[in-house]
Amino acid sequence: MTNAPQRAIGIDIGGTGMKAGIVDLREGTLVSERVRIPTPDGATPPDVLATAKQLVERLGPEGEDLPVGVCFPAVVKDGITLSAANVSEEWIGLNADERFGEALGRDIRFVNDADAAGLAELKFGAARDQAGFTIMTTLGTGIGSAFLFDGKLVPNSELGHLEHEGESIERWASASARERDDISWKKWAGRLQHFYEHIEAVFSPDLIIVGGGVSKNPEKFLPMIETRAPIVTAVHRNNAGIIGAASLILG
Ligand code: BGC
């Protein structure tokens with residue numbers, strides 16, 4: 001007999017949307033509807049915390065009393081958010097772990113969003129039983145990354161901030177850059193090709209996983225990208241963040 005919780009809530013905070021769901025921790029699957037609220041303009045701490053509370057409320061009685069894992073688009077060390085690329089700079093240096101715990105009134109765990117997605121793929125998806133070095137990338141408002149080595153997460157890699165023409169490469173190659181610049185999938189795949197070539201030249205991963213919202217439509221761009229290592233879509237697509245954040249409850 002074990003007292004480990006069997007369900008937890010995962011909250012995935014992105015630059016554009018905040019999403020939550022109840023996760024079965026043995027299977028790594030969503031067992032509720034996925035609720036979503038647009039990220040408040042400016043993504044300041046009070047607004048994001050209030051929205052996280054609303055998300056949990058929207059999950060209804062099923063979600064009551066469940067522990068919560070939260071993932072967030074910033075470097076996270078010891079519960080403190082140390083960067084803020086697509087959210088308010090007020091997050092920098094904040095003890096976000098504590099703030100979410102207070103706002104939600106529960107036991108919470110707190111982690112970077114791409115690291116959460118990587119953990120979901122490690123425990124329940126494309127990186128399960130994968131030996132060697134896997135790099136997970138999430139393509140959304142920004143570009144997130146997770147380094148997975150021999151079954152473990154090496155936290156806080158930030159490949160979206162590799163430099164390209166004086167800026168973070170995510171400004172040019174993220175999914176939101178494709179929309180902003182109104183370019184074809186082919187042209188965007190060319191930008192991603194540049195990004196993944198750079199990653200392979202520097203890190204030589206054994207597997208590359210592509211997650212984020214666009215991983216729902218991989219046929220539009222993935223076949224146009226050539227890498228040495230196999231490149232695959234995240235099994236949990238855009239739910240990987242929710243599932244990985246919830247899975248932190250198991251330690
Ligand atoms: C942030 C990362 C985050 C990524 C995806 C980047 O701008 O620096 O921490 O993982 O966006 O949300």
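A brief report on the enclosed structure follows. (Residues numbered from 1 in each chain as written. Predicted model: local features only at pLDDT ≥ 70, side-chain atom pairs only at ≥ 80, totals over all residues. Heavy atoms only, no water.)

1. Describing the overall build of the chain
Heads up, the condition is: Helix and strand labels come from DSSP, where a helix needs a run of H or I of at least four residues and a strand needs a run of E of at least two; each type is numbered from the N terminus. Restricting the calculation to C-alpha atoms gives the radius of gyration, and the globule rule supplies 2.2 Å times the number of residues raised to the power 0.38. A simple rule labels every residue: compare its accessible area, found with a 1.4 Å probe on the protein chains alone, to the largest value its type can have, and call it buried under 20%, exposed over 50%, or partly exposed in between. Contact between two residues is taken to exist if any of their heavy atoms lie within 4.5 Å; hydrogens are not considered. To measure how exposed things are, a 1.4 Å probe is used in the Shrake-Rupley method; for residues, cover is taken only from the protein chains shown. Note on charges: Lys and Arg go in the positive column, Asp and Glu in the negative column, and His and the chain ends are not counted at all. Every charge is mapped to an atom, namely NZ of Lys, CZ of Arg, CG of Asp or CD of Glu.
Of regular secondary structure, the chain possesses seven helices and 16 strands. For the chain, the C-alpha radius of gyration of 17 Å lies close to 18 Å, the compact-globule estimate for 251 residues. Oriented by its inertia axes, the alpha-carbon framework of the chain measures out at about 45 × 40 × 30 Å. Scored against the burial criterion, the 251 residues of the chain give a buried share of 55%. Look at the contacts in the chain between residues 6 or more apart in sequence, and 63% of them connect residues 24 or more apart. When the accessible surface of the chain is split by element, carbon and sulfur atoms take 48% of a total near 11300 Å². Each charge class in the chain can be summarised by its mean position, and for the 24 positive and 35 negative side chains these summaries are 4 Å apart.

2. Focus: unusual backbone geometry
Phi at Ala43 takes a positive value of approximately 45 degrees, unusual for a residue other than glycine. Its identity as a non-glycine residue notwithstanding, Asp182 has a phi of 50 degrees, on the positive side. Along the chain, Asp182 falls in the loop between helix H5 (175-181) and helix H6 (185-203). Asp182 sits in the exposed class, given a relative accessible area of 69%.

3. Focus on the pairing of strand S1 (residues 7-13)
To keep things clear, this is the line we draw: By this definition, two strands are paired if DSSP reports at least two bridges between them.
Counted residue by residue, S1 has six buried out of seven residues, so it is predominantly covered. Here S1 runs beside strand S2 (residues 17-24); their pairing, made up of seven bridges, is antiparallel. Within the sheet, the bridge partner assigned to Ile9 lies in S2 and is Ile22. Inspection of the sheet shows S1 paired to strand S5 (residues 68-72) by four bridges, in the parallel sense. For Asp12, the partnering residue across the bridge sits in S5 and is Cys71.

4. Things to note about the pattern of salt bridges
To keep it simple, the criterion reads: The rule for a salt bridge is simple: a side-chain nitrogen of Lys or Arg has to be within 4 Å of a carboxyl oxygen of Asp or Glu.
Taken as a whole and judged by the stated rule, the model has seven salt bridges. One salt bridge in this structure joins Glu62 and Arg7, with 3.7 Å as the shortest N-O distance. Of the two residues, Glu62 is situated in the loop between helix H1 (45-58) and S5 and Arg7 in strand S1; the sequence distance between them amounts to 55 residues. Residue classification places Arg7 among the partly exposed positions, given a relative accessible area of 33%. Salt bridges here are not isolated pairs; linked through shared partners, they connect Arg180, Asp181 and Arg191.

5. Topic: the packing of aromatic side chains
For clarity, the cut-off: Aromatic contacts are taken between Phe, Tyr and Trp rings whose centres are within 6.5 Å, Trp giving its six-membered ring; a plane angle under 30 degrees counts as stacked, one over 60 as edge-to-face, and the others as tilted. Think of it as a cone above the ring: NZ of Lys or CZ of Arg counts as a charge over the ring if it is within 6 Å of the ring centre and within 35 degrees of the ring normal.
Tallied over the entire structure, the rule returns 12 aromatic pairs. Aromatic pair Trp91 and Phe100: ring centres 5.9 Å apart, planes at 10 degrees, arrangement stacked. The two residues Trp91 and Phe100 agree in class, both being buried. Geometrically, the ring pair formed by Trp185 and Phe221 is stacked, given 6.0 Å between the ring centres and 15 degrees between the ring planes. Taken together, the residues Trp185 in helix H6 and Phe221 in the loop between strand S15 (207-211) and strand S16 (231-233) connect sequence positions 36 residues apart. A relative accessible area of 22% places Trp185 in the partly exposed class. With relative accessibility at 0%, the residue Phe221 sits in the buried group. Here the aromatic cluster, defined as three or more aromatic residues joined through ring pairs, consists of Phe72, Trp91, Phe100 and Phe110. Here the basic side chain of Arg178 rests over the ring of Trp185, its NZ or CZ set 3.7 Å away from the ring centre.

Fair warning: the whole summary comes from geometry, so function is off the table for now.
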